[in-house]
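Secondary and tertiary structure notes
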Amino acid sequence: MARSSALTMTAATFTATAALLLTACGGSDDDSSPDDIKGAGTGAGSSSTSASASGAADVERPDVSLPKDLKLVFDFEEPSDADQAAALEDAANYIRALDHGIAQQDPNDPAYQFYSTGGAEKYAKSQIEAWVKDGWTVTGNDRYFDAGVEPVGEGKSTLVTFCRNQAKFYSKKVKTGKVNVTEENLDSYQKFSLLMSPSEESATVWQARQIEVQGRVKECKG
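Model, not experiment: these values are computed from the prediction.

A closer look at the packing of aromatic side chains
- Going through the model one piece at a time under the given rule, you end up with seven aromatic pairs.
- Seen in terms of ring centroids, phenylalanine 114 and tyrosine 115 are 4.8 Å apart; in terms of plane orientation they differ by 80 degrees. Their pairing is edge-to-face.
- Each residue in the set Phe74, Phe76, Tyr144, Phe162 and Phe192 is aromatic and connected to the rest through ring pairs, giving one cluster.
- The ring of phenylalanine 145 has arginine 143 lying over it, and the distance from NZ or CZ to the ring centre is 4.3 Å.
- The lysine or arginine in question, lysine 173, covers the ring of tryptophan 136, its NZ or CZ lying 4.6 Å from the ring centre.

Listed below in C-alpha cells is the structure:
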C-alpha cells in the first residue's frame, strides 16, 4: 500500500504555530520531519502550472514540470477572492515543486525553495532527501480535492486545506524502474493544511510557511 509521509503535528500545535508566524518575520524553524518517506505519501506534481491570479508577470517562476508518467489533478473550486485564489494556487505549486525535486533527484531544487520558507521548506527538503537517499522517484496519478481557504488573524496569512487520494500514486526505483504498486485503503487518504502568506520578494507569490499532513483521514474517503 502507499505509505504515508505525514508530518506529525496536532491541530492545536499547528494553530499555535500559525499564530506565532503572524508576529515573526522569518517564519517557523520547525525541524519536524516525516516518519516514513519511502512510499508514495508526499505531494505530487504536474507537467504544467495552471494560470491564476498568482501567475503575475512581474516575477519569473521556476519550472515544476514532471515526467509524463506522473499526473497530478487538483480538483479545486477557485475562490472569488483574488488573494485566496492566489494562496490556493501557490499551495498547489508547492506540492508540484516538491515532486519536481523528487523527480529531479535534487534536494536543493530551486522550485520548492521558491514556493516555501520556514518549516514548509525544511519539510520539502527532508522529503526529497529521503527519496533520493533510498533510490526512489514518483509515478502514477495523484488527486487533491475538497479545498478550503480561510484568513488567519488580521494579516494576509491564509490557511489552505485539502484532501488527497494517493491510491494510484506509487514509488518507483530509479535504477530498475520497478514500480511499487499498492492497493487502495484508508492509508490512501490524507488531509493537508498549509499556512500561506505573500513572499517577501514578490506580493504576487504566496509561500507555504508551515505544513501539516494527516494520514488515514476517513472524512477524505467520503
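Let's talk about the pattern of salt bridges
- Considering all chains together, one arrives at eight salt bridges under this definition.
- A salt bridge links lysine 156 to aspartate 83; its shortest N-O distance comes to 3.7 Å. Residue lysine 156 is found in the loop between strand 2 (136–151) and strand 3 (158–165), and its partner aspartate 83 is found in helix 2 (residues 82–104); the two are separated by 73 residues along the sequence.

A word on the nonpolar core
- Of all hydrophobic cores here, the largest spans 38 residues; its most connected members are Tyr94, Tyr144, Val160, Phe162, Leu194, Met196 and Ile211.
- For this core, the secondary structure elements donating two or more residues are strand 1 (70–75), helix 2, helix 3 (110–114), helix 4 (118–133), strand 2, strand 3, strand 6 (189–198) and strand 7 (206–215).
- Here this core gets ten residues from one element, more than from any other, and that element is helix 2.
- The next biggest cluster of nonpolar side chains, apart from the first, holds five residues, and it includes Phe145, Tyr189, Val217 and Cys220.

Quick look at the state of the cysteines
- One pass over the full model with this rule turns up one disulfide.
- In this model cysteine 163 forms its disulfide with cysteine 220; the gap between the sulfur atoms is 2.0 Å. Since a negative S-S torsion denotes a left-handed disulfide, the cysteine 163-cysteine 220 link at about -70 degrees is left-handed. Here cysteine 163, found in strand 3, pairs with cysteine 220, found in helix 5 (residues 218–221); they are 57 residues apart in sequence, far enough to count as distant.
- The exposure class assigned to cysteine 163 is buried, which follows from its relative accessible area of 5%.

Describing helix 4
- Taking 1.5 Å of rise per residue, the 16 residues of helix 4 would be expected to cover 22 Å, and the 23 Å separating its terminal C-alpha atoms lies within 8% of that figure.
- Residues of helix 4 that are buried: Gly118, Gly119, Ala120, Tyr123, Ala124, Ser126, Gln127, Ile128, Ala130 and Trp131.
- Where helix 4 is buried, its residues touch helix 2, helix 3, strand 2, strand 4 (169–173) and strand 7.
- The first or second residue beyond helix 4 is glycine 135, which carries a positive phi of 80 degrees.

A closer look at the pairing of strand 1
- Because side chains alternate across strand 1, one face comprises the buried residues Leu70, Leu72 and Phe74, and the other comprises Lys71, Val73 and Asp75, none of which is buried.
- As judged from the six bridges shared by strand 1 and strand 2, these two strands associate in the parallel manner. Residue aspartate 75 lies in a different strand from strand 2, and its bridge partner there is phenylalanine 145.

Notes on the confidence of the model for the chain
- Mean pLDDT over the chain works out to 81, with 74% of the residues at or above the 70 mark.
- Here residues 1–56 is modelled with pLDDT under 50, and outside its nearest four sequence neighbours on either side it reaches 159 contacts, counting other chains as well.

Digging into the environment of valine 205
- Note that valine 205 resides in the loop between strand 6 and strand 7.
- For valine 205, a relative accessible area of 2% gives the class buried.
- The spatial distance from the C-alpha of valine 205 to the C-alpha of alanine 86 is 7.6 Å, given a sequence separation of 119 residues.
- Valine 205 has contacts with Val59, Arg61, Asp90, Phe114, Ser197, Pro198 and Ser199, leaving out every residue within four places of it along the chain.

Considering the environment of alanine 92
- Examined against the element boundaries, alanine 92 turns out to sit in helix 2.
- Look at alanine 92 and you get buried, because its relative accessible area is 1%.
- A sequence separation of 68 residues divides alanine 92 from valine 160, and the C-alpha atoms of the two residues are 9.7 Å apart.

Criteria and cut-off values
Residues numbered from 1 in each chain as written. Predicted model: local features only at pLDDT ≥ 70, side-chain atom pairs only at ≥ 80, totals over all residues. Heavy atoms only, no water. Phe/Tyr/Trp six-rings, centres within 6.5 Å; stacked < 30°, edge-to-face > 60°. Lys NZ or Arg CZ within 6 Å of the ring centre and 35° of its normal. Salt bridge = Lys/Arg side-chain N within 4 Å of Asp/Glu carboxyl O. Helix = DSSP H or I, 4+ residues; strand = E, 2+ residues; numbered from the N terminus. Core = buried A, V, L, I, M, F, W, Y, C linked by side-chain atoms within 4.5 Å. Buried < 20%, exposed > 50% of the residue type's maximum accessible area, 1.4 Å probe, protein only. Disulfide = S-S within 2.5 Å. Expected span 1.5 Å × (residues − 1). Contact = heavy atoms within 4.5 Å. Pairing = 2+ DSSP bridges. pLDDT = per-residue confidence, 0-100.

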